[in-house]
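# A closer look at the structure
Listed below, chain by chain, are the residues.
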Amino acid sequence: MSLKSLLQRVAQMIVVLFGVSVLVFLLTRVLPGDPVAAALGDRASGEQVAQLRSQLGLDQPLVMQYVNFVTGALKGEFGLSLVERRDVGEVIASRLPATLELIFASLLIAIVVGVPLGVIAAVRRDRFIDGLSRFIALAGVSFPQFWIGIVLQLVFGLALAMLPITGRISGPPPLTVTGFMTIDSLLAGNFSAFTDSLRHLVAPAIVLSTGPLATIMRMTRANMIDELEKPYPELARALGVHPLIINYKFVLRNAFTPTLTIIGFLVPIMIGSSFVVEKVFGWPGIARFGADAIIANDFNGVVGVTMVVCLFVVVINFLVETIYPILDPRIRSGETT
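Treat the numbers as computed from the prediction; the structure is a model and nothing was measured. Each chain has its residues counted from 1, running along the sequence as written. Under the rules for a predicted model, residues below a pLDDT of 70 receive no local features and side-chain atom pairs below 80 are neither given nor counted, while totals for whole chains, interfaces and linings still include all residues. Calculation of side-chain values draws on the structure's entire complement of heavy atoms; hydrogens and water are dropped beforehand.

Any Phe, Tyr or Trp ring, taking Trp's six-membered ring, that has another such ring centre within 6.5 Å forms a pair; planes under 30 degrees apart are called stacked, those over 60 apart edge-to-face, and the others tilted. Tallied over the entire structure, the rule returns seven aromatic pairs. Relative to Tyr66, the ring of Phe25 lies with its centre 5.4 Å away and its plane at 75°, an arrangement referred to as edge-to-face. Note that Phe25 is positioned in helix H1 (residues 3–30) and Tyr66 in helix H4 (residues 62–74), a separation of 41 residues in sequence. Given a relative accessible area of 17%, Tyr66 falls into the buried group. Members of the aromatic cluster, joined through ring pairs, are Phe25, Tyr66, Phe69 and Phe78. Numbering of helices and strands runs from the N terminus; a helix is a DSSP stretch of H or I covering at least four residues, while a strand is a stretch of E covering at least two. Classification of residues uses two cut-offs on accessible area relative to the type maximum, computed with a 1.4 Å probe and protein chains only: under 20% is buried, over 50% is exposed, and between them is partly exposed.

Let us now look at the packing of helix H6 (residues 128–142) against helix H9 (residues 191–228). For helices, the axis comes from a line fit to the C-alpha atoms of the stretch in contact; other axes are also lines fit to C-alpha atoms, and the angle between any two N-to-C directions lies between 0 and 180 degrees. One way to put it is that H6 packs onto H9 with a least axis distance of 8 Å and a crossing angle of 145°. Regarding H6 and H9, the two cross each other, and that crossing is left-handed. Residue-level contacts link Asp130, Ser133, Arg134, Ile136, Ala137, Gly140 and Val141 of H6 to Thr210, Gly211, Leu213, Ala214, Met217, Arg218 and Arg221 of H9. Take the far helix as your reference; a near helix turned counterclockwise from it by less than a right angle gives a left-handed crossing, and one turned clockwise gives a right-handed crossing. Any two residues whose heavy atoms approach within 4.5 Å are treated as being in contact.

The backbone phi angle of Arg85 is positive, close to 60°, even though this residue is not glycine. Secondary-structure assignment places Arg85 in the loop between H4 and helix H5 (88–123). By relative accessible area, which is 44% here, Arg85 ends up partly exposed. Backbone geometry at Ala161 places phi at a positive 55°, although glycine is not the residue there. Judged by its relative accessible area of 56%, Ala161 is exposed.

Worth remembering: the numbers are spatial, not functional.
And the structure:
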């Protein structure tokens, strides 16, 4: 990617973040209901309501409120949360690693399982394995995630006692370095904590990966079929190249670029879907906090979570666009001509 393209992407990211911040900030301010009165309850006096309103800055003009919000957001401060009774930035900092760990684990499962299954289904088109992959894809997008989660809890948590039902770890947590329980356990050399946190992660990660796995598998299959119908795989076979090398080194490389685009779009969808998984498995992530903030009309919590998720999405899409030329030489040569 050239310097000009890089600067254009960064400028687009700033414009998107600015637009989202204005839109979400205005929506949380104009929605009906008084969040301060709701947070203090019916027995609060008018003086107490006015004091908290002043503390939250709601007695200032709307433009000044937005300026204060942007100034605080640049320092990682999003204002007082009416749900957690502390700064939203602190809440997000403590909960974000849990959500990211869950999403990365789910995405890893979806890619590691979905891509090979898509390749096999394309190579063995209209055979048994292709039909099986269609069934898995249909099941992955048809069954509600909360239902799959409850079934896993009943079977592997209660009946077989193989996996924990809720939480991130049963014993004492390791010293926080990254916030990722599995990584911090390894950094501390605490392998029992690593095994414990990994067992807690398996079930929610499998549930969250069902939809993305189905999408990645079907997208890989369709793109592989298109590439296999081109002349170069046939030429490679005629030259005696091993089928595994043809399929996984040549064809998959060309077929994976559209799948990579889909993976970039799957990340924000997974953040939204993780709310259900975090609720079912008692996972202390920001998606659950965001849902609680919406229910409680915690406007600072809603804005803070939305901005962090938006930042995460634009960064992921930026990284995906950066990886394109590395994976696909056609895009790289197109930039240089």
